Structures are given as structure tokens and as C-alpha cells.
Amino acid sequence: MIELKNLSMSYALEHGRLDVLTDVNLEVADGDTVAIVGPSGSGKTTLLVLLAGLEPPAEGSVQLDGRALDELDEDALADLRRDQIGIVFQSFHLVPSLTALGNVALPLEIAGATDTRARARAMLDRVGLAGREDHYPRQLSGGEQQRVAIARALVHAPKLLLADEPTGNLDLRTGEKIIDLLFELNADSGSTLVLVTHDEAIARRCQRVVRLHHGQLIEEDSGALPA
Ligand code: ADP
Ligand code: MG
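Because the structure is a prediction, the values reported are computed rather than measured. (Residues numbered from 1 in each chain as written. Chains lettered and ligands numbered in written order. Predicted model: local features only at pLDDT ≥ 70, side-chain atom pairs only at ≥ 80, totals over all residues. Heavy atoms only, no water.)

## Digging into the site of ligand 1
Taken together, the neighbourhood of ligand 1 is formed by Tyr11, Leu18, Val20, Pro39, Ser40, Gly41, Ser42, Gly43, Lys44, Thr45 and Thr46. In the model, an oxygen atom of ligand 1 is placed 3.2 Å from a nitrogen or oxygen of the Ser42 main chain. Within the contact set of ligand 1, an oxygen atom lies 3.0 Å away from a backbone nitrogen or oxygen of Gly43. In the complex, 59% of the free accessible area of ligand 1, which totals 560 Å², lies under the protein chains. Elements with a contribution of two residues or more to the shell around ligand 1: strand E2 (17-28) and helix H1 (44-51). Sort the elements by how many residues they give to the shell around ligand 1 and H1 lands first, with three residues. Each residue belonging to the shell around ligand 1 can be placed in one class, and the counts come to four nonpolar, six polar and one charged. (Near = heavy atom within 4 Å. Polar contact = N/O pair within 3.5 Å; in protein donor to acceptor, adjacent residues only side chain to side chain. Areas by Shrake-Rupley, 256 points an atom, 1.4 Å probe, with all protein chains shown as cover. Helix = DSSP H or I, 4+ residues; strand = E, 2+ residues; numbered from the N terminus. Nonpolar A, V, L, I, M, F, W, Y, C, P; charged D, E, K, R; others polar.)

## Considerations on the sheet that holds strand E7 (residues 160-164)
Each strand in a sheet pairs with its neighbour through backbone hydrogen bonds, running either in the same direction (parallel) or in the opposite one (antiparallel). The strand order across the open sheet built from six strands is E6-E7-E8-E3-E9-E10, with neighbouring strands paired in mixed fashion. Unpaired on one side and paired on the other, strand E6 (85-88) and strand E10 (216-220) mark the two borders of the sheet. Direction aside, neighbouring strands of the sheet carry axes that sit 20° apart on average. The pairing of strand E3 (residues 33-37) with strand E8 (residues 192-196) spans four bridges and is parallel. (Pairing = 2+ DSSP bridges. Axes fitted to C-alpha atoms, helices over the stretch in contact; angles between N-to-C directions.)

## Comments concerning the sheet that holds strand E5 (residues 67-68)
With respect to topology, four strands assemble into an open sheet ordered E2-E1-E4-E5, the strand pairing being antiparallel. In this open sheet, the two strands that pair with only one neighbour each are E2 and E5. Note: strand E4 (residues 59-64) against E5, two bridges, orientation antiparallel. Across the sheet, Gln63 pairs through a bridge with Ala68, a residue of E5.

## Re the pattern of salt bridges
Per the stated rule, a full pass over the model turns up 15 salt bridges. For Glu220, the salt bridge goes to Arg211, with nearest N and O atoms at 2.3 Å. The class for Glu220 is partly exposed, based on a relative accessible area of 29%. Through salt bridges with shared partners, one network takes in Asp32, Arg208 and Glu219. (Salt bridge = Lys/Arg side-chain N within 4 Å of Asp/Glu carboxyl O. Buried < 20%, exposed > 50% of the residue type's maximum accessible area, 1.4 Å probe, protein only.)

## Some thoughts on a nonpolar patch on the surface
Together, Tyr11, Leu13 and Leu18 make up an exposed nonpolar region whose accessible area comes to about 260 Å². Relative to the assigned elements, Tyr11 resides in strand E1 (residues 2-12). (Patch = residues over 30% accessible without salt bridge, like charges linked within 9 Å, V, L, I, M, F, W, Y side chains within 5 Å.)

## Here we look at helix H6 (residues 172-189)
Residues spaced three or four apart along an α-helix face the same direction, because each turn holds 3.6 residues. Counted at 1.5 Å a residue, the expected span for H6 with its 18 residues is 26 Å, and the 26 Å between its end C-alpha atoms agrees. Where H6 is buried, its residues touch E3, helix H4 (116-126), helix H5 (142-154), E7, E8 and helix H7 (200-203). Here H6 starts with a cap whose side-chain oxygen sits 3.2 Å from the backbone nitrogen of Arg173, and that cap is Asp171. Gly190 sits one or two positions beyond H6 and adopts a positive phi of about 70°. (Expected span 1.5 Å × (residues − 1). Contact = heavy atoms within 4.5 Å.)

## Focus on the side chain of Asp164
By the secondary structure assignment, Asp164 is in strand E7. Of the side chains with opposite charge, Lys44 comes closest to the buried, unpaired Asp164, at an N-O distance of 6.7 Å. Residue contacts for Asp164: discarding those within four places in its chain leaves Thr45, Leu48, Val88, Phe89, Gln90 and Val196. (Lys, Arg positive; Asp, Glu negative; His and termini not counted.)

## What about the nonpolar core?
Membership of the largest hydrophobic core comes to 38 residues, with the highest contact counts inside it found for Val104, Leu124, Val127, Val148, Ile150 and Leu195. Leave out the neighbours within four places in its chain, and Val104 touches Ala120, Met123, Leu124, Val148, Ala151, Arg152 and Val155. Formed by 31 residues, the second largest nonpolar core is a distinct cluster that contains Leu7, Val24, Val34 and Leu212. (Core = buried A, V, L, I, M, F, W, Y, C linked by side-chain atoms within 4.5 Å.)

## A short note on H4
Looking only at H4, the buried set comprises Thr116, Ala120, Met123 and Leu124. For H4, the angular spread of buried residues about the axis comes to 100°, placing them on one side. Where H4 is buried, its residues meet helix H3 (100-110), H5 and H6. Count one or two residues on from H4 and you reach Gly128, which has phi positive near 85°. (Arc of directions from axis to C-beta.)

## Here we look at the pairing of E3
Across the five residues of E3, five count as buried, placing the element largely inside the fold. By the alternation rule, side chains of E3 split into Thr33, Ala35 and Val37 and Val34 and Ile36, which are all buried. Of the pairings in the sheet, the one linking E3 to strand E9 (residues 208-213) comprises four bridges and is parallel in character. Its bridge partner lying in E9, Ile36 is registered against Val210.

In C-alpha cells form, the structure reads like this:
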């Protein structure tokens with residue numbers, strides 16, 4: 001599903017540059033669950049941004065589902081992102097002027113799908129928010145907003161689900177429920193999951209754990225029981 005080859009990324013500073021990722025290599029098979037761990041500032045979000053094709057790497061290549069992102073033009077890249085990738089962010093990123101239903105229907109509407117509202121309704125039901133369709137994000141708790149965001153990320157059945165510290169803004173108990181939901185839905189859909197977290201317990205629920213350390217990815221034994 002994912003192949004990163006000799007990936008490097010740096011940001012220009014006023015004087016010099018900041019090397020965030022240096023010669024990163026990673027292969028992720030279809031349906032795998034992979035945790036990316038590392039301290040704050042280690043480049044986890046940068047890696048997800050490159051994986052999602054939101055920015056090009058300084059060097060190296062990203063292949064998703066057999067396609068090299070640097071060979072796609074803007075339109076093809078946008079199509080691929082829209083059709084194949086779902087993203088969940090730490091701070092939910094819901095559209096404040098849309099209801100829960102509107103937020104979840106949005107990716108379907110953008111994709112020109114039919115039955116958008118019925119599918120969005122079914123997905124909201126799936127994340128435990130039946131009856132809250134008409135509520136706006138500000139009328140929902142953090143945990144509920146993250147449920148909406150998960151519904152939105154999965155409603156178009158993407159092959160790849162990226163999650164960037166999805167429990168970072170939630171209390172422990174709510175976070176656990178959100179993680180349970182994320183794993184459950186991901187297992188049901190068979191999508192590939194790349195989960196950024198600095199919570200080691202959450203990371204160990206993935207089949208693989210890779211650690212970002214000084215710009216490099218180091219594979220660890222996740223300690224997860226074989227499926
Ligand atoms: P993490 O998600 O692991 O906390 P990030 O990928 O967000 O780390 O950031 C890695 C490093 O790159 C940090 O030092 C951060 O300040 C820096 N950084 C991230 N984005 C930019 C940017 N657009 N311009 C300059 N520096 C950046
Ligand atoms: Mg981050």
C-alpha cells in the first residue's frame with residue numbers, strides 16, 4: 001500500500017535549514033496497522049503530510065497503491081487523496097458551519113457520490129452518534145467531534161486511513177473509546193492504518209511500531225499478539 005524510498009524533508013530556516021526526515025524507508029502492506037511514535041517535534045506530522053501527498057518531499061519518493069505521487073499532476077493527486085485517503089487530526093478540523101451530518105456527507109458530495117446523506121447518516125450511526133445528525137460541532141463534546149471526524153474520514157471507504165494523534169485533545173477515558181472505535185472500524189473496512197501517537201500503549205495495539213529518531217525510522221517489535 002505504501003512505499004517510501006530514501007525520503008528526506010527539511011524546512012528552510014532564517015539561517016540554514018532544519019532536517020526533519022533523513023533517508024526514510026518504509027513499506028506497509030495492504031491492511032496493515034502501523035504506529036509511528038516519537039517525541040514532539042520528531043517529524044511525525046511531517047511524515048503524514050508527505051504520505052497524504054499534501055506536500056512533496058525534498059528528496060525520495062512516496063508510492064501509494066503502486067503509484068508514485070511525484071508522477072501525478074495536481075488533479076490526479078487530488079483525486080487520489082479524495083478517493084483513497086481518509087485523515088483524522090488531533091484537533092478534529094470539522095467545518096463549524098456544517099452539522100455533523102453535513103460534515104460527514106461533505107467528502108461524498110465533493111466526490112459527486114449519490115445517496116450522500118443516507119450514507120453519512122449510516123456512518124454517524126456506526127460511530128454512535130445516531131440522533132446527533134443536526135448538531136453543529138460547537139454543540140458536541142470533544143469525543144463526539146472526533147467521532148464525527150472519524151465518520152468523515154471513513155465514509156468514502158478509503159484504502160488508507162491516516163490518524164495524527166487522534167486522542168491528543170481528549171481525556172484518557174474518551175481517548176480509549178475513540179481508539180477502540182478507530183481500530184474496530186478499520187478492521188471492518190480492511191483499510192491500512194497509519195497511526196501517529198506518542199502513547200506507547202496505543203502504539204502497541206498496532207501490528208507494527210516504527211519510531212522516529214533523529215530523522216530516521218526504526219522498526220520496533222510491537223509486542224502485539226499475532227492476529
Ligand atoms: P511532530 O508531529 O513529531 O511533533 P512535526 O512534523 O510537526 O513533528 O515537526 C517536526 C519539526 O519540523 C519541528 O521542529 C517543527 O517545528 C518543524 N516544522 C514543521 N513544519 C514546519 C514548517 N512548515 N516550517 C518550518 N518548520 C517546520
Ligand atoms: Mg505532530
